[in-house]
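Chain residues, written in single-letter form:
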Amino acid sequence: MLSRLTKLPDGGVHDFDVEMTHVTADIIFRTIFSSPMEGADAARIFRAFSKYQAMAPRLMLPALFGLRWLALPWDRLRSKRAAAEIRGLLEGLVRPRFDACRAGAPHPSSDILSAFLDARDPGGEPFGFDELVDQVAMLFLAGHETSASALTWALHLLSHSPQIQERMVAEAAGVFAARPADAGDMKRLTLTWNVFRETLRLFPPVGFIARDAVKQCPMRDKTVPAGATIVISPWLIHRHRDLWDEPDAFDPDRYEDDQSRESLKQAYLPFSMGPRVCMGAAFALQEAALILSSLVRHFRFAPAPGHTPEPVGRLTIRSANGMPLVMHRRSKT
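Below, the structure is looked at part by part. (Residues numbered from 1 in each chain as written. Predicted model: local features only at pLDDT ≥ 70, side-chain atom pairs only at ≥ 80, totals over all residues. Heavy atoms only, no water.)

**What about the overall build of the protein chain?**
Here is step 1 of the chain: The helix and strand tally for the protein chain stands at 11 helices and 9 strands.
Here is step 2 of the chain: Counting all 333 residues of the protein chain, 41% fall into the buried class.
Here is step 3 of the chain: Considering only residue pairs separated by 6 or more positions, the protein chain has 67% of its internal contacts joining residues 24 or more positions apart.
Here is step 4 of the chain: Of the roughly 17,600 Å² of accessible surface on the protein chain, a fraction of 58% belongs to carbon and sulfur atoms. (Helix = DSSP H or I, 4+ residues; strand = E, 2+ residues; numbered from the N terminus. Buried < 20%, exposed > 50% of the residue type's maximum accessible area, 1.4 Å probe, protein only. Contact = heavy atoms within 4.5 Å. Areas by Shrake-Rupley, 256 points an atom, 1.4 Å probe, with all protein chains shown as cover.)

**Re the packing of helix α7 (residues 162–176) against helix α11 (residues 281–298)**
Axis angle and axis distance: for two packed helices, these are the angle between their axes and the distance between the axes, and together they describe the pair.
Here is step 1 of the chain: Running from N to C, α7 and α11 cross one another at 105 degrees; their axes reach a closest spacing of 9 Å. Classed by the angle they form, the pair α7 and α11 counts as roughly perpendicular. Touching Gln165, Met168, Val169, Ala172 and Phe176 of α7 are Leu292, Ser293, Val296 and Arg297, all from α11.
Here is step 2 of the chain: Looking at the contact of α7 with α11 residue by residue, the classes come out as 6 nonpolar, 2 polar and 1 charged. (Axes fitted to C-alpha atoms, helices over the stretch in contact; angles between N-to-C directions. Parallel < 35°, antiparallel > 145°, perpendicular 65-115°, else oblique. Nonpolar A, V, L, I, M, F, W, Y, C, P; charged D, E, K, R; others polar.)

**What about the nonpolar core?**
Here is step 1 of the chain: Phe16, Met20, Leu155, Met168, Leu292, Leu295 and Phe301 are the most contacted members of the largest nonpolar core, which has 40 residues in total.
Here is step 2 of the chain: Those elements that provide at least two residues to this core are α2 (16–33), α6 (129–159), α7, α8 (190–202), α11, β6 (299–303) and β9 (324–329).
Here is step 3 of the chain: Among all residues touching leucine 155, those that are not within four sequence positions of it are Phe16, Met20, Leu292, Leu295, Phe301 and Leu325. (Core = buried A, V, L, I, M, F, W, Y, C linked by side-chain atoms within 4.5 Å.)

**Regarding the packing of aromatic side chains**
Aromatic rings considered in pairs are described by the distance between their centres and by the relative angle of their planes.
Here is step 1 of the chain: Taken as a whole and assessed by the stated rule, the structure comprises 9 aromatic pairs.
Here is step 2 of the chain: With 5.4 Å between their ring centres and 75 degrees between their planes, phenylalanine 29 and phenylalanine 140 make a pair best called edge-to-face. Placement of the pair is phenylalanine 29 in helix α2 and phenylalanine 140 in helix α6, with a sequence separation of 111 residues.
Here is step 3 of the chain: When the centroid spacing of 5.4 Å and the interplanar angle of 65 degrees are considered together, the rings of phenylalanine 98 and phenylalanine 129 count as edge-to-face. Here the residue phenylalanine 98 occupies a position in helix α4 (residues 73–102), and phenylalanine 129 occupies one in helix α6, the gap between them amounting to 31 residues. For the pair phenylalanine 98 and phenylalanine 129, a shared accessibility class is recorded, and that class is buried.
Here is step 4 of the chain: Among the aromatic residues, ring-to-ring pairing joins Phe16, Phe299 and Phe301 into one connected group. (Phe/Tyr/Trp six-rings, centres within 6.5 Å; stacked < 30°, edge-to-face > 60°.)

**Re the sheet that holds strand β1 (residues 13–15)**
Hydrogen bonds between backbone groups are what pair the strands of a sheet, and the pairing can be parallel or antiparallel.
Here is step 1 of the chain: One open sheet holds the 3 strands; their spatial order is β1-β9-β6, and the pairing between them is antiparallel. Taken across any chain shown, the strands that pair with only one partner, and hence form the sheet edges, are β1 and β6. Across the sheet, the mean angle from the axis of one strand to that of its neighbour is 45 degrees, orientation sign disregarded.
Here is step 2 of the chain: Here 5 bridges tie β6 to β9, and the two strands are oriented antiparallel to one another. Residue pairing across strands places phenylalanine 301 opposite methionine 327, the latter belonging to β9.
Here is step 3 of the chain: In the packing of α2 onto the sheet, the strands contacted are β1, β6 and β9, and the crossing angle to β1 comes to about 50 degrees. (Pairing = 2+ DSSP bridges.)

**Section: the pairing of β9**
Walk down a regular strand and you will see the side chains alternate between the two sheet faces.
Here is step 1 of the chain: Examined bridge by bridge, β1 and β9 share 3 bridges and lie antiparallel to one another. For histidine 14, the partnering residue across the bridge sits in β9 and is leucine 325.

**Here we look at the pattern of salt bridges**
Here is step 1 of the chain: Tallying each qualifying case throughout the model produces 16 salt bridges.
Here is step 2 of the chain: For glutamate 145, the salt bridge goes to arginine 318, with nearest N and O atoms at 3.1 Å. Linking glutamate 145 in helix α6 with arginine 318 in strand β8 (residues 317–319), this pair joins segments that are 173 residues apart in sequence.
Here is step 3 of the chain: For glutamate 145, a relative accessible area of 2% gives the class buried.
Here is step 4 of the chain: Via salt bridges that share partners, Asp17, Glu145 and Arg318 belong to a single interconnected network. (Salt bridge = Lys/Arg side-chain N within 4 Å of Asp/Glu carboxyl O.)

**A few points about the side chain of glutamate 287**
Here is step 1 of the chain: Here glutamate 287 is to be found in helix α11.
Here is step 2 of the chain: One buried charged side chain, glutamate 287, makes no salt bridge at all; its nearest oppositely charged neighbour is arginine 30, positioned 9.9 Å away.
Here is step 3 of the chain: There is a polar contact of 3.0 Å between the side chain of glutamate 287 and the side chain of serine 147.
Here is step 4 of the chain: If near-sequence neighbours (up to four positions away) are discounted, glutamate 287 is found in contact with Thr24, Ile27 and Ser147. (Lys, Arg positive; Asp, Glu negative; His and termini not counted. Polar contact = N/O pair within 3.5 Å; in protein donor to acceptor, adjacent residues only side chain to side chain.)

If you want it as structure tokens, here you go:
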């Protein structure tokens, strides 16, 4: 990522929605397949996901309320085409490893695809090819899309907060000095963690979460029947004025006071909560801390003149008009 960005014109305007999608997709590719995602594939994935996300609300909302027939046929067709493009890329990567494994050839043991290939159900059966691609596709989607959304909004917020950028640079310099980052360093990046934590509060990647009631229960002055769909909104809870001081302000330092710590326990769910909490939360947080600290050590970010991002809820909360930012390289001295 740093190598790509360093080659771009200094002081130019660049779309960081695309770049954050590239780097997070590359990371999850390396985690699943032990191989990098090349630029052409990254651009193809971004375009296909953009198409798929644009169709998602038109398909998901009718399905949520049992009214799938309301979805227009051409929307379903466009969605299927975009999904097929993404799946085709993944199938091409899974097939050689799947065939080699079934033929008894040794395979790498350090990536997630190897774990899937070795997995067995309670009856001792491995995944079939289509099942394996299903698992990889879900992990790929969940493993990069939400992180890309949050990192893009983090850079937007930082571009309007030059003093916080400089404090992050000082923190990273104290933690890393002149050496490469190590996994053990991440917990020492307190301000960087808080910047990302505050980004997740203001722009939770999943703005609305649907859950089914497993039994009848009271909720305020209503009775929720068993099987009813409940929509929980982190977007609204995270900005509730009874739960947060100055809820619309970007303030990473808020997490150093006791009141905000209590709000974190009671009214903060960017990764959902309970038994279905996101299993990749720790992965995402470490990834974000490393990416953000690396970016601010090498570059300064400022808003693109005349651009105001337009948040829109799709699969994740993205900017409908991209995220162009002005990027300046920092001096090495």
